[in-house]
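Here is what each chain is made of, one letter per residue.
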Amino acid sequence: MHMETGEKIELSVIMPCLNEESTVGYCVDEALQFIQKYDIPGEIIVVDNGSEDLSASVAAGHGARVITEKRKGYGRAIRTGIDNSSGRILIIGDADTTYDFLHLEEIFQPLSDNSYDMVIGNRYEGGMERGAMPLTHRWGVCLLSFLGRRRYHVDVFDFHCGLRGISAQAVKKLDFRTDGMEFATEMIAEAARRKLRIKQVPVALRKCDYKRKSKLRTVRDGIRHLRYIYTGKKISCK
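Remember, predicted model here, so these are calculated numbers, not experimental data.

Novice: Which residues make up the nonpolar core, and what values do they have?
Specialist: Residues Leu11, Met15, Ile44 and Leu163 are the most contacted members of the largest nonpolar core, which totals 34 residues. Sorting the residues of this core by element identifies strand 1 (11-17), helix 1 (24-37), strand 2 (42-48), strand 4 (89-92) and helix 4 (105-112) as the ones contributing at least two each. For this core, the element with the most residues is helix 1, which contributes seven residues. Ignoring sequence-local partners within four residues, the contact set of Leu11 consists of Phe34, Ile35, Ile40, Pro41, Gly42, Glu43, Gly87, Ile89, Ile91 and Phe108.

Written out as structure tokens, the structure reads:
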């Protein structure tokens, strides 16, 4: 998106991306429409995490700033996006059309007015389209979120929601170390340790109608989250 010289960026939308050439352009378009609707000085950052398709060129063609991160991992891609962002507010979301980037108001506003430091989406409250999440994943997220609430004493019911926001000022207080899917848990855990103000908002989960290979592995990813919750240690992404 075009920015005037010297204009400060208010919002950075960060999208980790791995082989999403069919969907990333749609997500970038939605995020840009949100930024334009409210006239927010903003940027879209797509972190290409070793895609073997045309994801990077599609994202750039739709107006995103593309950053390449060769080190594998969902968490690693997001951390790279955060490190390269310029916005006062950061919103993170998956580039697979399952999240609605057109309506980010409930995430953006509490961060914009400094009411909260972090905003986490709750798919169970916002609603899931039929087929958007396998039943095994629903149960797994419920269980791991319950364990996370007990462990970190936070009132968050969807630890793994892929749509969330945080202020750049709050990010500076957090010590991220994980590279994989467990980053979603680490982000909340670190916020709880630093006593950040966390808000939870309902977000809808859409079914991806494009043919794509899911990145989720129920057992493997569950173990990664579980190990982090009880040991605080990361697992190699190799």
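From this point on, the discussion continues.
Novice: Could you give me a rundown of the pairing of strand 4, with the residues and numbers involved?
Specialist: Judged by which residues are buried, strand 4 turns out to be covered on both faces: Ile89 and Ile91 on one side and Leu90 and Ile92 on the other are all buried. Of the strand pairs in this sheet, strand 1 and strand 4 are connected by four bridges, and their pairing is parallel. Its bridge partner being in strand 4, Ser12 is matched across the sheet by Leu90.

Novice: I'd love a proper account of helix 3 (residues 74-83), names of residues and values included.
Specialist: The buried count for helix 3 comes to nine of 10 residues, which makes it a mostly enclosed element. Buried within helix 3 we find Tyr74, Gly75, Arg76, Ala77, Ile78, Arg79, Thr80, Gly81 and Ile82. Looking at the buried positions of helix 3, the neighbouring elements they touch are strand 1, strand 2, strand 3 (65-68), strand 4, helix 7 (168-171) and helix 8 (183-193).

Novice: Which residues make up the sheet that holds strand 3, and what values go with them?
Specialist: A sheet is described by the order of its strands in space; here seven strands give the open sequence 3-2-1-4-6-5-7, paired in mixed fashion. Edge positions in the sheet fall to strand 3 and strand 7 (198-202), since each of these pairs with one other strand and no more. Here the average twist between neighbouring strands, direction ignored, is 20°. Pairing geometry for strand 1 and strand 2, over seven bridges, is parallel. Residue Ile14 lies in a different strand from strand 2, and its bridge partner there is Ile45. Those strands touched by helix 3 are strand 1, strand 2, strand 3 and strand 4, and its axis lies near 150° from that of strand 1.

Novice: Give a detailed account of helix 4, specifying residues and quantitative values.
Specialist: Every buried residue belonging to helix 4 is among Ile107, Phe108, Pro110 and Leu111, and all of these are buried. Considering only its buried residues, helix 4 is in contact with strand 1, helix 1, strand 4, strand 5 (118-122), strand 6 (164-167) and strand 7. The first or second residue beyond helix 4 is Asn114, which carries a positive phi of 65°.

Novice: Talk me through the confidence of the model for the protein chain; I want residue IDs and the actual numbers.
Specialist: Model confidence for the protein chain is summarised by a mean pLDDT of 91, while 89% of its residues fall at 70 or above. In this model, residues 234-238 is a region of pLDDT below 50 whose contacts with residues beyond four sequence positions or in other chains number 15 contacts.

Novice: Go over the layout of surface pockets with me, naming the residues and quoting the values.
Specialist: Reported here for the second largest pocket is a volume of approximately 220 Å³. If you trace the second largest pocket, you find it lined by Arg79, Ile82, Asp83, Ser85, Ser86, Gly87, Leu90, Ala168, Val171, Lys172, Leu174 and Phe176. Elements with a contribution of two residues or more to the lining of the second largest pocket: helix 3 and helix 7. Among the elements that make up the lining of the second largest pocket, the one with the highest residue count is helix 3 (three residues). Taken together, the residues that form the lining of the second largest pocket break down as six nonpolar, three polar and three charged.

Novice: Just give me the short version of the packing of aromatic side chains, but keep the residues and values in it.
Specialist: All chains considered together, the criterion is met by three aromatic pairs. Centroid distance Phe34 to Tyr38: 5.3 Å. Interplanar angle 55°. Geometry classified as tilted. Each ring, one from Phe34 and one from Phe108, has its centre 6.1 Å from the other, and the planes form 75°; the classification is edge-to-face. Highlighted residues: Phe34 in helix 1 and Phe108 in helix 4, separated in sequence by 74 residues. A single burial state applies to Phe34 and to Phe108, both of which are buried. Cluster of aromatic residues (ring-pair linked, three or more members): Phe34, Tyr38 and Phe108.

Definitions and limits used
Residues numbered from 1 in each chain as written. Predicted model: local features only at pLDDT ≥ 70, side-chain atom pairs only at ≥ 80, totals over all residues. Heavy atoms only, no water. Core = buried A, V, L, I, M, F, W, Y, C linked by side-chain atoms within 4.5 Å. Buried < 20%, exposed > 50% of the residue type's maximum accessible area, 1.4 Å probe, protein only. Helix = DSSP H or I, 4+ residues; strand = E, 2+ residues; numbered from the N terminus. Contact = heavy atoms within 4.5 Å. Pairing = 2+ DSSP bridges. Axes fitted to C-alpha atoms, helices over the stretch in contact; angles between N-to-C directions. pLDDT = per-residue confidence, 0-100. 1 Å grid on protein atoms, 1.4 Å probe; cavity = no way out; pocket = protein on both sides within 12 Å on 5 of 7 lines; lining within 4 Å. Points joined across faces, edges and corners; volume = space filled by probe spheres on them. Nonpolar A, V, L, I, M, F, W, Y, C, P; charged D, E, K, R; others polar. Phe/Tyr/Trp six-rings, centres within 6.5 Å; stacked < 30°, edge-to-face > 60°.

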